[in-house]
Amino acid sequence: MLIKNHWYAIELGNKVGDEPVQVRVHGHDLVLWRSKDGTVNSQSDLCVHRGGSLGGGRVVDDCVQCPYHGWRYDSTGVCVEIPANKAELPIPKKARVDAYPCIERYGFIWVFLGDQPASDRPPLTELAGLDHSIEAKAEGYRAVSGEFTWQANYDRVLENAVDIAHTPFVHSGSFGNADQPEIQDFDLDEVREDGVLREVSATVLLDPPAPSGIWKILRKNAERPPVETTTGFYPPNVSMLIVRLPLGEIRIFTAAVPIDEHTTVSKFIMMRTFFTGGWADKDSIKRTMKIFLEDQPTVEGQRPELLPFDLSAELHVKSDAIQLAYRRWRQEQIDAGLGIETPTDEQERRRVAVIASPARSADPELANAWVFPAVDGPAHSQSDDASTMDGDLS
Ligand code: FES
Ligand SMILES: [Fe+2]
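Residues numbered from 1 in each chain as written. Chains lettered and ligands numbered in written order. Predicted model: local features only at pLDDT ≥ 70, side-chain atom pairs only at ≥ 80, totals over all residues.

### Remarks on the overall build of the protein
Part 1 of the argument: Check the secondary structure of the protein and you find eight helices and 20 strands.
Part 2 of the argument: In the protein, the proportion of contacts linking residues at least 24 apart, taken out of those at least 6 apart, comes to 59%. (Helix = DSSP H or I, 4+ residues; strand = E, 2+ residues; numbered from the N terminus. Contact = placed C-beta atoms within 7 Å.)

This is the structure in structure tokens:
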């Protein structure tokens, strides 16, 4: 289920270069592409002519060009060129795709999935202690990025990212200590702005694993201090992990991108204050991937695959406080009518429906200008079909 009217981090900024990039979110294909001035644009990926994928096309003259018959759409989603038509023919009003507000910040591409006008939109997520660009605040930090694919629902993936009590068990092969599974009581830090939940986090002390191998000999079983660890989430889809090691600090920000109900891609930016030379980048990525690999069998094995709606359907204990905060937030959004069902594979094969963009509600003149219906909007009608044809042939 997609919770609409939120800013989703859906891609890493360094993945969007000169070519358009297709990203699937909750079963809806979006295309991301850069204008000449470097701005990233986000639009529905489906060309309204014959459903060509714009992500497979090219960027030409500040437009994204469909690979099939070359229709060009500008950054607002309006088609500005139909090459097969004579130049003097007007471009039909319906030759447009939904365009979504899009901001590049902290190394991620954030897309507003919903139709709220700018004045009503929540502000963009603010990631802990970071300035607007990773580079600007990178003094003392070295950042790497990457992604990991799960055959699991995104609610499960996000909850795993903020789950404190699994560390001694699932990560006993890396940073967890299986002999010290007890989690001390912790306070939940909730940041709200105008009543809107912006961030939930908690800081705990976790026991590091006992030294082994060469470290055991070198340290002669010296006591290792507990590691102060902060974990939490920024609704709707970003989690954070800050680990304060004796050596320095690690921060991992992860966008759980919901591809569909069964697939999630975690796109992460990992920052470190130690070993800040490029020579250690590969190892940093490898260590982050190792964490995901340790989690993978457990998360992919959870049943039911989708997070239960009913809080009493699973048993919660004190250390689950962050996940419970996430479930409460999710339920509030659904109760407020913001949940949109993710289409099933069968529905997708039969019918295209897109996430409504702000232009649909902002401009009454465009009320009938959309070829594809909105997922939660009125069904496509016969009269709409007729006008589409008239428009195309004009
Ligand atoms: S399908 Fe896109 S131009 Fe024809
Ligand atoms: Fe984990």
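### Considerations on helix 5 (residues 321-335)
Part 1 of the argument: Under the 1.5 Å per step criterion, the end-to-end length of helix 5 is 21 Å for 15 residues, consistent within 8% with the ideal 21 Å.
Part 2 of the argument: Ile322, Gln323, Ala325, Tyr326, Arg327 and Arg330 are the residues of helix 5 that are buried.
Part 3 of the argument: Those residues of helix 5 that are buried lie in contact with strand 1 (2-3), helix 1 (154-161), strand 14 (189-193), strand 15 (196-206) and strand 16 (227-234).
Part 4 of the argument: Where helix 5 ends, the next residue or the one after it, glycine 337, has phi of about 80°, a positive value. (Expected span 1.5 Å × (residues − 1). Buried ≥ 20, exposed ≤ 12 C-beta atoms within 10 Å, placed from the backbone.)

### Topic: the sheet that holds strand 8 (residues 72-73)
Part 1 of the argument: A sheet is described by the order of its strands in space; here four strands give the open sequence 6-7-8-9, paired in antiparallel fashion. If you trace the sheet from one side to the other, it starts and ends with strand 6 (58-60) and strand 9 (79-81), each paired once.
Part 2 of the argument: Bridge count for strand 7 (residues 63-65) against strand 8 is two bridges, and the pairing is antiparallel. By the bridge assignment for strand 8, valine 64 is matched with tyrosine 73. (Pairing = 2+ DSSP bridges.)

### Focus on unusual backbone geometry
Part 1 of the argument: Between proline 235 and proline 236 the backbone carries a cis peptide bond, its omega angle lying at 0°.
Part 2 of the argument: As for its placement among the helices and strands, proline 236 is situated in the loop between strand 16 and strand 17 (238-245).
Part 3 of the argument: For the bond from arginine 303 to proline 304, the omega torsion is -5°, close enough to zero to count as cis.
Part 4 of the argument: Note that proline 304 resides in the loop between helix 4 (281-300) and helix 5.
Part 5 of the argument: Of note, histidine 26 is a non-glycine position whose phi angle comes to about 50°, a positive value.
Part 6 of the argument: Inspection of the secondary structure puts histidine 26 in the loop between strand 3 (21-25) and strand 4 (28-34).
Part 7 of the argument: By C-beta crowding, histidine 26 is classed as buried, having 22 other C-beta atoms within 10 Å.

### Some points on the nonpolar core
Part 1 of the argument: In this structure, Ile10 and Val111 are the most contacted members of the largest nonpolar core, which totals 76 residues.
Part 2 of the argument: Setting aside residues no more than four positions away along its own chain, isoleucine 10 makes contact with Val23, Val25, Ile109, Val111, Ala255 and Val257. (Core = buried A, V, L, I, M, F, W, Y, C linked by C-beta atoms within 7 Å.)

### Quick notes on the sheet that holds strand 10 (residues 99-100)
Part 1 of the argument: One open sheet holds the four strands; their spatial order is 3-4-5-10, and the pairing between them is antiparallel. The open sheet has two edge strands, strand 3 and strand 10, and neither has a second partner.
Part 2 of the argument: Examined bridge by bridge, strand 3 and strand 4 share five bridges and lie antiparallel to one another. Within strand 4, the position partnered with glutamine 22 by the bridge is valine 31.

### Remarks on helix 4
Part 1 of the argument: The end-to-end C-alpha distance of helix 4, which contains 20 residues, comes to 28 Å, matching closely the 28 Å that a straight helix rising 1.5 Å per residue would cover.
Part 2 of the argument: The largest bend in helix 4 is about 30°, located at glutamate 294, with the proline proline 297 one to four residues further on.
Part 3 of the argument: If you check which residues of helix 4 are buried, you get Ser284, Thr288, Ile291, Phe292, Asp295 and Val299.
Part 4 of the argument: Looking at the buried positions of helix 4, the neighbouring elements they touch are strand 13 (142-150), helix 1, helix 2 (167-170), strand 18 (248-260) and strand 19 (263-272). (Bend = angle between axes of the 7 residues up to and from the residue.)

### Notes on the environment of valine 16
Part 1 of the argument: Secondary-structure assignment places valine 16 in the loop between strand 2 (6-12) and strand 3.
Part 2 of the argument: Judged by local crowding, valine 16 falls into the buried class, with 20 C-beta atoms found within 10 Å.
Part 3 of the argument: With 24 residues separating them in the primary sequence, valine 16 and valine 40 have C-alpha atoms 8.0 Å apart.
Part 4 of the argument: Setting aside residues no more than four positions away along its own chain, valine 16 makes contact with Glu11, Val21, Leu32, Arg34, Val40 and Ile109.

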